[in-house]
Amino acid sequence: MTHSTTPTYVPDLGKSPDTPVPPSPPGTGTRKPAGRRLRDWLGAFVFTVPALVLFGLLVLVPMGYAFYISFFNWGGFGPISDFRGLGNYTRLLKDPVFLGDLSRGALLIGLSVVLQLPFALAMAVLLNQKLRGRAVYRMLFFAPYILSEVITGVLFGMIFAPGDGLADRVLDEVGLSGLGGDWFAGQHTVLPTLFLVMTWKYFGFHMMLYLAGLQGIPAELHEAARIDGAGTWQRFRHITLPLLAPTIRISAFLSVIFSVQLFDLVWVITTGGPDHASETLAISMVQYGFKRYQLGYASAISVAMFLISLVFALAYQRFVLRRDTEGAITTMRGNR
């Protein structure tokens with residue numbers, strides 16, 4: 001009679017069940033084969049080449065051509081032969097119109113950052129509360145941004161028409177006719193009126209940015225602070241503002257870039273007048289290039305606009321957006 005013996009499992013008493021397994025060396029088991037990596041690179045190359053070609057033809061080539069003709073005194077007709085070197089750029093530094101454009105652009109930027117963005121933030125905080133019909137309010141406040149600049153310019157050109165415009169008629173009805181006036185026709189009133197139109201047009205865009213940022217803040221933080229006795233202002237100062245800071249920085253960056261490149265809204269309403277009082281860099285470029293046929297000088301203005309935007313963007317990213325971009329880059333590298 002044979003007895004079958006069943007193998008008995010004997011545990012390894014020299015190793016505890018809780019002993020952690022040593023991690024694998026970095027990169028082992030996750031590296032793609034060379035053939036697959038090559039196919040990935042080829043696929044990415046095939047999909048990006050058309051975009052790069054279009055970007056080169058529609059952006060880089062015109063930029064290079066504008067930079068080239070900025071060294072010539074050229075009116076747009078005939079061969080480009082009258083070389084001036086840096087003459088157009090030295091003219092910029094002495095041109096009172098160009099220097100005035102810089103000061104007006106800086107004023108619009110300051111007003112946007114100090115007045116327009118806080119107003120958009122206040123409206124976003126208000127519409128983030130539980131209000132009846134808040135979706136309707138959000139739509140109404142965001143609707144002006146959807147309108148084209150041409151429609152907005154024509155609309156407010158009629159509203160602020162001197163004498164028979166809606167603004168003057170409303171002031172007459174309430175007994176404040178003395179506050180009415182030239183609006184877009186006066187040198188001292190055109191810029192504040194224009195900024196009022198800009199705020200109406202663009203604050204909804206920034207409000208929606210802030211709303212998106214506010215909805216990303218966990219409600220548990222506010223609830224815990226409320227339980228600890230923190231008031232509304234304390235919760236806003238110590239919870240909302242710090243967590244919304246990246247969105248605020250992006251909003252301020254976009255506001256500055258919009259102000260530097262402002263053109264179509266001002267062109268439709270005032271075309272830069274009266275007497276250059278509302279002129280911007282983009283309008284000066286068009287005036288010199290297509291009204292006075294000084295394309296060389298207009299190209300120098302366009303290069304100056306590009307350099308101002310580029311230097312500001314690089315400095316802003318280096319000193320203001322540094323923490324945000326470093327966090328994004330670290331996360332991307334960690335996910336590879």
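Q: How should the overall build of the protein be read in this particular structure?
A: Broken down by element type, the protein carries 13 helices and zero strands. Scanning the protein from its N terminus toward the C terminus, one meets helices and strands in the order α-α-α-α-α-α-α-α-α-α-α-α-α. Relative to its 336 residues, the protein shows a buried fraction of 34%. With the model as given, the accessible surface of the protein reaches about 21800 Å², and the carbon-plus-sulfur share is 67%.

Q: For this particular structure, what's the right way to read the side chain of Glu 149?
A: Along the polypeptide, Glu 149 turns up in helix α5 (residues 149-159). Given a relative accessible area of 19%, Glu 149 falls into the buried group. In terms of polar contacts, Glu 149 uses its side chain to reach the side chain of Tyr 202, at 3.1 Å.

Q: Looking at this structure, how should I read the packing of aromatic side chains?
A: The geometry of an aromatic ring pair comes down to the distance between the two centres and the angle between the two planes. Summed over the entire model, instances satisfying the criterion amount to 22 aromatic pairs. Between Phe 72 and Phe 83, the aromatic rings sit 5.3 Å apart at their centres with planes inclined by 75°, giving edge-to-face as the arrangement. Separated by 11 residues along the polypeptide, Phe 72 in the loop between α1 (34-69) and α2 (87-94) and Phe 83 in the loop between α1 and α2 bring together distant segments of the chain. Using a relative accessible area of 8% as the deciding quantity, one classes Phe 72 as buried.

Q: Could you clarify how one ought to interpret the packing of helix α7 (residues 190-215) against helix α9 (residues 232-260) in this entry?
A: The packing of two helices is summarised by the inter-axis angle and the distance between the axes. Interaxial distance between α7 and α9 falls to 9 Å at its minimum, and their mutual angle equals 155°. With respect to each other, α7 and α9 are oriented roughly antiparallel. The hand of the α7/α9 crossing is right-handed. Here Phe 205, His 206, Leu 209, Tyr 210, Gly 213 and Leu 214 of α7 lie close against α9, whose contacting residues are Thr 240, Leu 244, Thr 247, Ile 248, Ser 251, Leu 254, Ser 255 and Phe 258. Looking at the contact of α7 with α9 residue by residue, the classes come out as eight nonpolar, six polar and no charged.

Q: Before we go on, may I ask you to explain the pattern of salt bridges in this structure?
A: Side chains that differ in charge, positive against negative, can pair when their charged atoms come close. Evaluated as defined, the whole model comprises three salt bridges. Residue Lys 201 is joined to Glu 149 by a salt bridge in which the shortest nitrogen-to-oxygen separation is 3.8 Å. With Lys 201 in helix α7 and Glu 149 in helix α5, the pair connects residues that are 52 residues apart, well separated along the chain. Of the two residues, Lys 201 and Glu 149, both sit in the buried class. Where Arg 226 meets Glu 223, a salt bridge forms, and the shortest distance between an N and an O atom there is 2.7 Å. In this pair, Arg 226 and Glu 223 are both assigned in helix α8 (residues 219-227), three residues apart and thus about one turn of the helix distant. Taking the relative accessible area as the measure of exposure, Arg 226 reaches 42% and is therefore partly exposed.

Q: What should I look at first to understand the confidence of the model for the protein in this one?
A: Regions with low pLDDT carry predicted coordinates that are not meant to be interpreted in detail. When pLDDT is averaged across the protein, the result is 86; 87% of the residues are at 70 or more. Confidence drops under a pLDDT of 50 for residues 1-17, and excluding neighbours within four residues, the segment shows zero contacts in the predicted structure. Predicted confidence for residues 329-333 stays below pLDDT 50, and this span has zero contacts to residues more than four positions away or in other chains.

Q: Can you help me understand the environment of Gln 261 in this one?
A: Residue position: Gln 261 is located in the loop between α9 and α10 (264-269). Those residues in contact with Gln 261 that sit more than four places away from it in its chain are Ala 282, Met 305 and Ser 309.

Q: Honestly, α5 in this entry has me stumped. Any pointers?
A: Side chains that are three or four residues apart share a direction in an α-helix, a result of its 3.6 residues per turn. Residues Glu 149, Thr 152, Gly 153 and Phe 156 constitute the buried set of α5. Projected down its long axis, α5 carries its buried residues within an arc of 100°, all on one side. Elements that come into contact with the buried residues of α5 comprise α7 and α10.

Q: Help me out: how do you make sense of the packing of α2 against helix α12 (residues 295-319) in this one?
A: The geometry of α2 relative to α12 is characterised by a closest axis approach of 9 Å and an angle of 70° between their N-to-C directions. For the element pair α2 / α12, the angle class is roughly perpendicular. Counted together, Asn 88, Tyr 89, Arg 91 and Leu 92 of α2 and Gly 296, Tyr 297, Ala 300, Ile 301, Val 303 and Ala 304 of α12 form the full contact between these two elements.

Q: Explain unusual backbone geometry to me, please; I cannot follow it from the model alone.
A: What is expected of a backbone is that most residues other than glycine have negative phi and most peptide bonds are trans. Following Gly 273, the chain continues into Pro 274 via a peptide bond in cis, with omega recorded as -5°. Phi is positive for Trp 183, which is not a glycine, with a value near 55°. You can see Trp 183 is positioned in the loop between α6 (166-173) and α7. Among the residues examined, Trp 183 registers a relative accessible area of 17% and is labelled buried.

Q: Help me understand a nonpolar patch on the surface in this model?
A: A cluster of nonpolar side chains, namely Phe 55, Leu 60, Met 63, Phe 306, Leu 307, Leu 310 and Leu 314, defines an oily patch on the protein surface of about 630 Å² accessible area. For the nonpolar patch, the elements supplying multiple residues, two or more each, are α1 and α12. Following the sequence through the fold, Leu 307 ends up in helix α12.

Here is what the cut-offs are and how they apply
- Counting from 1, residues in each chain are numbered in the order their sequence is written.
- Two thresholds apply to this predicted model, a pLDDT of at least 70 for residue-level local features and 80 or more for giving and counting side-chain atom pairs, whereas whole-chain, interface and lining totals are computed over all residues.
- Hydrogens and water molecules were not included; the side-chain quantities draw on all heavy atoms of the structure.
- Starting at the N terminus, helices and strands are each numbered in turn, a helix being any DSSP run of H or I of at least four residues and a strand any DSSP run of E of at least two.
- Exposure categories follow from relative accessible area, calculated using a 1.4 Å probe and restricted to protein chains: below 20% of the type maximum is buried, above 50% is exposed, and the middle band is partly exposed.
- Using a 1.4 Å probe, accessible areas were evaluated by the Shrake-Rupley method; residue-level cover was limited to the displayed protein chains.
- Each polar contact in these results corresponds to two N or O atoms within 3.5 Å; when the atoms are within protein, one needs to be able to donate a hydrogen and the other to accept it, and residues that are neighboring in sequence are counted only if both atoms are side-chain atoms.
- Paired rings are identified among Phe, Tyr and Trp, the last through its six-membered ring, by centres lying within 6.5 Å, and are further divided according to the angle between planes into stacked (under 30 degrees), edge-to-face (over 60) and tilted (the rest).
- Structural elements are reduced to axes, namely lines fitted to C-alpha atoms, with helices fitted over the stretch in contact, and the angle between N-to-C directions of any two is expressed from 0 to 180 degrees.
- Here is the rule for angles: anything less than 35 degrees is roughly parallel, anything more than 145 is roughly antiparallel, 65 through 115 is roughly perpendicular, and the remaining ranges are oblique.
- Two helices crossing with the near one rotated counterclockwise from the far one by less than a right angle form a left-handed crossing, whereas a clockwise rotation gives a right-handed crossing.
- Throughout, a residue-residue contact means that at least one pair of heavy atoms, one from each residue, lies within 4.5 Å.
- The residue classification treats Ala, Val, Leu, Ile, Met, Phe, Trp, Tyr, Cys and Pro as nonpolar and Asp, Glu, Lys and Arg as charged. All others, Gly included, are polar.
- What makes a salt bridge here is a side-chain nitrogen of Lys or Arg within 4 Å of a carboxyl oxygen of Asp or Glu, nothing more.
- As a per-residue quantity, pLDDT reports the predictor's confidence and falls between 0 and 100.
- What the arc measures is the spread of directions leading from the helix axis to the C-beta atoms.
- Patch membership is restricted to residues that have no salt bridge and whose relative accessible area is over 30%. Joining uses 9 Å for like charges and 5 Å for the nonpolar side chains Val, Leu, Ile, Met, Phe, Trp and Tyr.

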